Each structure stands twice: as structure tokens, then as C-alpha cells.
Amino acid sequence: MKILTYSFLLLPFCLWGQNEASYKIRTVAFYNVENLFDTTNDTLIFDDDRTPEGAYHWTENRYEAKIQNISQVMAQLGKEKSGTSPDILGLCEVENKGVLEDLVNHPNLQAKDYGIVHFDSPDARGIDVALLYKKSAFIPTSFKSHRLLLFDEMGERDYTRDQLVVGGLMDQEELHFIVNHWPSRRGGATKSQPKRARAALLNKRIMDSIRELNPNAKIIAMGDLNDDPRDHSLKRILRTKGTVSKLDSLSLFNPMEKMYKRGLGTLAYRDQWNLFDQFFITPNLVHENEAGFFFWQAQIFAPSLIKTQKGKYKGYPKRTYSGKTYTGGYSDHFPVYLFLIKEEN
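Cut-offs and rules
- Residues numbered from 1 in each chain as written.
- Predicted model: local features only at pLDDT ≥ 70, side-chain atom pairs only at ≥ 80, totals over all residues.
- Heavy atoms only, no water.
- Core = buried A, V, L, I, M, F, W, Y, C linked by side-chain atoms within 4.5 Å.
- Buried < 20%, exposed > 50% of the residue type's maximum accessible area, 1.4 Å probe, protein only.
- Helix = DSSP H or I, 4+ residues; strand = E, 2+ residues; numbered from the N terminus.
- Contact = heavy atoms within 4.5 Å.
- Polar contact = N/O pair within 3.5 Å; in protein donor to acceptor, adjacent residues only side chain to side chain.
- Phe/Tyr/Trp six-rings, centres within 6.5 Å; stacked < 30°, edge-to-face > 60°.
- Lys NZ or Arg CZ within 6 Å of the ring centre and 35° of its normal.
- Arc of directions from axis to C-beta.
- Axes fitted to C-alpha atoms, helices over the stretch in contact; angles between N-to-C directions.
- Parallel < 35°, antiparallel > 145°, perpendicular 65-115°, else oblique.
- Left-handed = near helix turned anticlockwise from the far one by under 90°.
- Nonpolar A, V, L, I, M, F, W, Y, C, P; charged D, E, K, R; others polar.
- Expected span 1.5 Å × (residues − 1).

Draft legend 1. Quick look at the nonpolar core. Leu131 and Phe177 are the most contacted members of the largest nonpolar core, which totals 72 residues. Take this core: its biggest share by element is nine residues, from strand β2 (residues 21-36). Discounting chain neighbours no more than four positions away, the residues touching phenylalanine 177 are Val28, Ile88, Leu131, Phe138, Leu164, Val165, Val166, Met170, Ile220 and Met222. With 21 residues, the next largest nonpolar core counts Leu150, Val165, Met207 and Leu225 among its residues.

Draft legend 2. Representation of the environment of asparagine 96. As for its placement among the helices and strands, asparagine 96 is situated in the loop between β3 (88-94) and α3 (97-104). In sequence terms asparagine 96 and isoleucine 127 are 31 residues apart; their C-alpha atoms lie 7.4 Å from each other. Look past the residues within four positions of asparagine 96 in its chain and what remains in contact with it is Asp38, His118 and Asp128. Of the polar contacts made by the side chain of asparagine 96, one reaches the side chain of aspartate 38; its length is 3.1 Å. Polar contacts involving the side chain of asparagine 96 include one to the main-chain amide nitrogen of glycine 98, which spans 3.1 Å.

Draft legend 3. Examining the packing of aromatic side chains more closely. The full count for this structure, using the stated rule, is 14 aromatic pairs. Relative to phenylalanine 294, the ring of tyrosine 23 lies with its centre 6.4 Å away and its plane at 80°, an arrangement referred to as edge-to-face. Of this pair, tyrosine 23 sits in strand β2 while phenylalanine 294 sits in strand β15 (residues 294-300); the two residues are 271 residues apart in sequence, bridging distant segments of the chain. Here the two residues tyrosine 23 and phenylalanine 294 agree in accessibility, since each one is buried. Note on tryptophan 273 and tyrosine 316: the rings are 5.8 Å apart at their centroids and 70° apart in plane angle, and the pair reads as edge-to-face. With tryptophan 273 in strand β13 (residues 272-274) and tyrosine 316 in the loop between β15 and β16 (321-322), this pair connects stretches of sequence that are 43 residues apart. Tryptophan 273 sits in the partly exposed class, given a relative accessible area of 29%. Between arginine 50 and the ring centre of tyrosine 56, over which it is positioned, the NZ or CZ distance is 3.9 Å. Above the ring of tyrosine 56, the side-chain terminus of lysine 324 is found at 5.9 Å from the ring centroid.

Draft legend 4. Looking closely at α3. Those residues of α3 that sit buried are Val99, Leu100, Leu103 and Val104. Burial along α3 is one-sided: seen end-on, the buried residues are contained in an arc of 130°. In this fold, the buried residues of α3 make contact with β2, α1 (60-76), β3, β4 (114-118) and β5 (128-134). If you check the start of α3, you find a side-chain oxygen 3.1 Å away from the backbone N of glycine 98, and it comes from asparagine 96.

Draft legend 5. Summary view of the packing of α1 against α3. Here α1 crosses α3 at 60°, and the two axes come no closer than 9 Å. In this view, α1 runs oblique relative to α3, as classed from their interaxial angle. Crossing handedness for the pair α1 and α3: right-handed. Residues Tyr63, Ile67, Ile70, Ser71 and Met74 of α1 pack against Gly98, Val99, Asp102 and Leu103 of α3. Along the lines of polarity and charge, the residues of the contact of α1 with α3 split into six nonpolar, two polar and one charged.

Draft legend 6. View of α1. Helix length check: α1 (17 residues) gives 25 Å between terminal C-alpha atoms against 24 Å at 1.5 Å per residue, within 8%. Along α1, the residues that are buried comprise Tyr63, Lys66, Ile67, Asn69, Ile70, Ser71, Val73, Met74 and Ala75. Buried-residue contacts for α1 involve β2, α2 (79-82), β3, α3 and β5. Of the residues one or two after α1, glycine 78 is the one with positive phi, at around 80°.

Draft legend 7. Quick look at the side chain of serine 121. Tracing the chain through its elements places serine 121 in the loop between β4 and β5. With relative accessibility at 12%, the residue serine 121 sits in the buried group. When near neighbours in sequence (up to four residues on either side) are disregarded, serine 121 contacts Ile127, Asp128, Thr160, Arg161 and Asp162.

Dropping the structure here:
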């Protein structure tokens, strides 16, 4: 199969043994950017450590280096096949809209003309999710932040990230995107599992409500789920499948599951890889159709540039800090991306 295509050019290639045809390609990506805070102390959140006087000595120079690094990665996501940066990009661990504006206005991205959809979440650390979109590729028509209500053993509110839902038109076709950052494994994977189950249930309710209004709605959910593709939240609650032939009308396709089975991951801890950064999509996006875009393939972006090059963490994502030691890296997660294609007549 010839795979070189461009979102702004229509080039011929063969798909799944069919006759040569022309396809338009669009890239959807997700990136956990690991504590992208500005340097200003916000008295309403616990960001004190991420200030110049804080424990991490988060200076303006370090912030600018982080913006440079993240924007450099963003500009490369999917470029090997699309020839450009992503059309849609979900992000998590961003402090506020200001850091997003700094990202999209960096010289690495400014010419791409990204729009921003962002809401402040009630997360205690002040980190949010967001969606960036190329204004030339996508027109948002609806957006809403859905609150995930969690409570601890004492009945106290456990504040976490909202789930962001954005609907709109991509090349005149309606698509919906959900950006997630599910509760962490703090306290242990088993003990914290019910929180991620609640997050999965909220995501399912969001999808069900969209499909109640439009049974043919095409939905792409993405995010740092703090669970792997084979975990309960995905397999049992969302009913994700890693094999197209096993899909039914009630299940969702997870293109990351086969990668996980091969031992691939987006973050590492104690010599074990996890694939927390995932996509799961409605079945009507999986099979080639005459009604618009459909899924082609998904990838983990892990070039040597964003990997630790030596030491006991060699091959791990090159993060900004190791403990409280500044290392000047990118993120503790690798980003992920997928391609949507549509036949052009």
C-alpha cells in the first residue's frame, strides 16, 4: 500500500487491495504534556511548587524551554504521512488558557492557526484538558465540559478533571471529540480503580447522549486514561475491542490494544511499560464508508529526540524533571495520533 498522502493535497494510493483511489487525510492526536504550568502563583490552586520560588524553581526560562519543546513535538505529530501538524489535538495537564495561547503562538505552530477549546476544571492541582483545532480544517459547533463527581471514604469531594466534549464540522462532516484525563493510580491501581470506572461510565453516558440525538454520530474519545487497554474500565464498561471483526453496535474500537499486546507503551515505571494514552472510537468510523471519514491507522510518537538517551531510564520518555532535578525534557508520556481518511471523488 502506498501511504504518502497530504491533508492539503489529494494523492492516489491503494487501500486494502482495492483499486487506486484518491484520499484526503486528517490527523487527530493526543498529548499529556506533563505539568505545563506558567510561572505565576495562582492562589486558587496548588501550583506553588511550579513557581520560581517553589520546590521546582520553575523559572521563565524553563517555562519557555518547555513551550519550545512541546510545540516542536506537536508540529511533528503525523507529519510523516500528512505532511503537516495535527488537525485536532487533545491535551492534558495544562494549567490554563494562557499556556495554550503561548503554545499555539510559538513560531513552531503559529502559522498553523490553531483555535482553542478550554474550560477550567476543579482539579486541586489546577490541571485541565483542552482541544486545539486547525481553523482551516475544523469548525466547532458545540462544546461542553462534563464534571466527574468523585467522593472519598469520608464522603468528601475528590476534585479531578472534567471531560471535554467538542462537536463540529471537519470538511463539512460532523464529528465529535472527547478529551479525557482520568483519575490517577495514586494509592495503588486496585484501590483507585473505582474512580476510573466512574470516569468510564461518564464517558459512556456522554457517548450515549450524543448517539441518542444522532444514531450515526462519529465519535473519537482520547486521553490519558491511567488504565491500560485491557483494564476493566475499557473492556467491561466501555466494551472496547482491539479487533475490528469483533465489533458490534454496542462496542467501541480501541486501536491501541494490539500495540499494548506487543509490549508497546507511552510511559514507563519501574521497568514496566503502560499504554495509558489511548483512542476509542465508534464502529461507524472503522469501516470504509461512502459517508465521509473513517479510521486508517494509529501510532505512538516516540522518536529518539524525546527519549532519555542514557542511564537507568534509557528509552523512557525524556521528562522535564527527574524527581525535583530539572532535566529539560519534554514529557513523561509519549504522544499518540491516528489518521482519518476520506475518498475523494
